[in-house]
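Single-letter residue listing:
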Amino acid sequence: MAVAWFFMKKNIKKILVTGGAGYIGSHTAKELSLAGYEPYVLDNFSTGHHWAVKWGEFIEADLLDKKGLIQFLEENKPEAIIHFAASSLVGESYKNPITYFNNNVIGTLNLLEAMQVAGIDNIVFSSSCAIYGIPNSSPIPDDHEANPISPYGESKHIIEKVLRWYSEIYNLKYIALRYFNAAGADPDNEIGEAHDPETHLIPLAVDVALGKKEYLDIYGVDYPTDDGTAVRDYVHVKDLAIAHVSAVSYLISGGESNNINLGSGIGYSVREIISEINKVSGNEITFYEKERRKGDPAILIADNNKAKTILNWEPKYSALNEIIKTAYNWHVSFDSLDK
C-alpha cells in the first residue's frame, strides 16, 4: 500500500501558484488540490496572508529575486505556473507607477526567464479587463482593442504582448485570463477577501452593514444606466479559481495559447449591490453620493463565450445572492479568525 501511495504521489502534477497567499490565488490553490494537482504557493506577503496558505507547500520568495526563482524552478520542475503575483490597485498605480511596472512587468519577466532556463513551458497569466480601458461595446468581446488608461492596466497589457512573443519565439504556451470584478468568498467559509486598504465595493459595503464602517461612498450617480450608478460584471472567486484550473489542464493537454475573458456576462449596478447586501444582512447601509472618479466606465460586462467554448467553463456561483451571501458570511467570521 505504501509503495502504491508513493507511486501516486510521484505522478501528481505540481503547479506553482505565484501570489498564492492572496485573494484569488488562495482560492485557486484550493481548487487545484480538489482537482488532484499538487499546488506550490509562492508569495512575499506584501499583500497576501499567512492564514490563506492552506493547500500545498509554501515558498516565501519575491519575483524580483531572479536567481532564487531559477533555483526553485530547476529543483522542483512544476508542470505549469499560475501567475497572480502583482500589484493590483488601479488608483494606487497612478500615484506610484514605478512600483507597478517593477512588480508587474520586471517581476513577470524574471519569472518568464526562470521558466525558460528551467524548461517549463506552460503559464496561466492573471490579466484584467483593465486592459480594455473605456470600451466601445458591451458586452466586451475578447478581441476588443486594448487601450488601458491606468499604469496597472498598461502593465497587464505589456505582459500579454510579451507572452505572445515568447509563444512565437520560444514555444511558450500561455492563457491570459482577463477577469472582471472578482467577488464573494469560499462557500465553505475557509478563506475570503481581506485587503488593506480595501477598495472593492462589496467588502466595503458589507463592513458598513456589519457596523465596522459608518458609511459607504458611491462614486457617480449620473451614469447612462438604469439607476445612474456604474454597472459591473461580478464573477465569484470560486468560479475564477475553477477557470484557472481548467486553463492549466487545457495547457497541459496540449492546448494553444489564447487571451480569454472571465466574467459572469451579467452586470449589476452599485445600487443593486447595496440592495442585495441590505437583504442578506437585514440592515440598511448608509451611503453618500459622490462625483464620478476619473476613468471609470459606465458599464463593464464580459462576453464570456470563449471561456465557455475553450475551457468548458460555466460560472456556477456568480448569481448575485450567492456572491453577497458568501462575502457576508466570510466577513462575519473574519474578525474571529486566528490570524
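Below: a short report on this structure. What you see is a predicted model; the values in this text were computed from it and never measured.

**Examining the environment of Lys67**
Inspection of the secondary structure puts Lys67 in helix α3 (residues 66-76). In this structure the C-alpha to C-alpha distance between Lys67 and Arg292, which are 225 residues apart in sequence, comes to 45 Å.

**With respect to the pattern of salt bridges**
Counting across every chain of the model gives twelve salt bridges. Lys30 is the partner of Asp186 in a salt bridge, and the nearest nitrogen-oxygen pair spans 3.1 Å. Note that Asp186 is positioned in the loop between β7 (181-183) and α7 (201-209) and Lys30 in helix α2 (residues 23-34), a separation of 156 residues in sequence. An identical accessibility class is assigned to Asp186 and Lys30; each is buried.

**Brief notes about the pairing of strand β6 (residues 173-179)**
Across the seven residues that make up β6, a large majority, seven, are buried. What you see with β6 is no split at all: Lys173, Ile175, Leu177 and Tyr179 on one side and Tyr174, Ala176 and Arg178 on the other are buried throughout. Pairing analysis gives seven bridges linking strand β5 (residues 122-128) to β6, with the strands arranged parallel. Following the sheet pairing, Ser127 is matched in β6 by Arg178. As a crossover connection, the stretch from β5 through helix α6 (residues 151-170) into β6 is right-handed. Here five bridges tie β6 to strand β10 (residues 258-262), and the two strands are oriented parallel to one another. By the bridge assignment for β10, Leu177 is matched with Ile260.

**A word on the packing of α3 against helix α5 (residues 97-118)**
For the pair α3 and α5, interaxial distance at closest approach is 9 Å and the crossing angle is 35°. Crossing of α3 over α5 shows right-handed handedness. Along the contact surface, α3 presents Lys66, Leu69, Ile70, Leu73 and Glu74, while α5 presents Asn110, Leu111, Glu113, Ala114, Met115, Val117 and Ala118. Class assignment of the residues belonging to the contact of α3 with α5 gives a composition of eight nonpolar, one polar and three charged.

**Thoughts on the sheet that holds strand β3 (residues 57-60)**
Ordered in space as β3-β2-β1-β4-β5-β6-β10, the seven strands form an open sheet in which the pairing is parallel. Two strands bound the open sheet, and with one partner strand each, they are β3 and β10. Taken pair by pair, the neighbouring strands of this sheet meet at an average axis angle of 20°, ignoring direction. Taken together, the four bridges between strand β2 (residues 38-43) and β3 define a ladder with parallel strand orientation. Looking at β3, one finds that Tyr40 is bridged to Glu57.

**Examining the side chain of Asn304**
Note on placement: Asn304 falls in the loop between β13 (299-300) and α10 (305-310). Overall, the relative accessible area of 5% leaves Asn304 in the buried class. For Asn304, the residues in contact, after removing those within four places along its chain, are Gly263, Ser264, Gly265, Trp313 and Pro315.

**Some details on the nonpolar core**
Ile24, Leu177 and Leu262 are the most contacted members of the largest nonpolar core, which totals 27 residues. Among the secondary structure elements, those contributing two or more residues to this core are β1 (14-18), α2, β4 (80-83), β6, α8 (237-252) and β10. Broken down by element, the residue count for this core peaks at seven residues, all from α8. Setting aside residues up to four positions removed in sequence, Leu177 forms contacts with Val124, Phe125, Ser126, Ser127, Ser128, Ala243, His244, Ala247, Ile260, Leu262 and Leu311. Tyr40, Leu63, Ala114 and Ala118 belong to the second largest nonpolar core, which has 26 residues in total.

**Quick notes on the packing of aromatic side chains**
Per the stated rule, a full pass over the model turns up seven aromatic pairs. On the basis of an interplanar angle of 40° and a centroid distance of 5.5 Å, the ring pair of Trp51 and Trp330 is categorised as tilted. With Trp51 in the loop between β2 and β3 and Trp330 in helix α11 (residues 320-334), this pair connects stretches of sequence that are 279 residues apart. No difference in accessibility class separates Trp51 from Trp330, as the two residues are buried. Centroid distance Trp330 to Phe334: 5.4 Å. Interplanar angle 40°. Geometry classified as tilted. Taken as a pair, Trp330 and Phe334 lie in helix α11 at a separation of four residues, close to a single helical turn. The residues Trp330 and Phe334 share a single accessibility class, namely buried. These aromatic residues form a ring-pair network of at least three members: Trp51, Trp330 and Phe334. The ring of Trp165 carries the charged tip of Arg164 above its face, separated from the ring centre by 4.5 Å. For Arg292, the ring lying beneath its charged end belongs to Tyr223, and the centroid distance is 4.3 Å.

**A word on the pairing of β1**
Extensive coverage of β1 is indicated by the burial of four of its five residues. Both β1 and β2 contribute to a ladder of five bridges, which runs parallel. Residue pairing across strands places Lys14 opposite Glu38, the latter belonging to β2. For the crossover from β1 across α2 to β2, the handedness is right-handed. As paired elements, β1 and β4 share four bridges and run parallel to each other. When the sheet's bridge partners are listed, Thr18 is paired in β4 with His83.

Parameters and conventions
- Residues numbered from 1 in each chain as written.
- Predicted model: local features only at pLDDT ≥ 70, side-chain atom pairs only at ≥ 80, totals over all residues.
- Heavy atoms only, no water.
- Helix = DSSP H or I, 4+ residues; strand = E, 2+ residues; numbered from the N terminus.
- Salt bridge = Lys/Arg side-chain N within 4 Å of Asp/Glu carboxyl O.
- Buried < 20%, exposed > 50% of the residue type's maximum accessible area, 1.4 Å probe, protein only.
- Pairing = 2+ DSSP bridges.
- Right-handed = clockwise from strand over helix to strand, strands pointing away.
- Axes fitted to C-alpha atoms, helices over the stretch in contact; angles between N-to-C directions.
- Left-handed = near helix turned anticlockwise from the far one by under 90°.
- Contact = heavy atoms within 4.5 Å.
- Nonpolar A, V, L, I, M, F, W, Y, C, P; charged D, E, K, R; others polar.
- Core = buried A, V, L, I, M, F, W, Y, C linked by side-chain atoms within 4.5 Å.
- Phe/Tyr/Trp six-rings, centres within 6.5 Å; stacked < 30°, edge-to-face > 60°.
- Lys NZ or Arg CZ within 6 Å of the ring centre and 35° of its normal.

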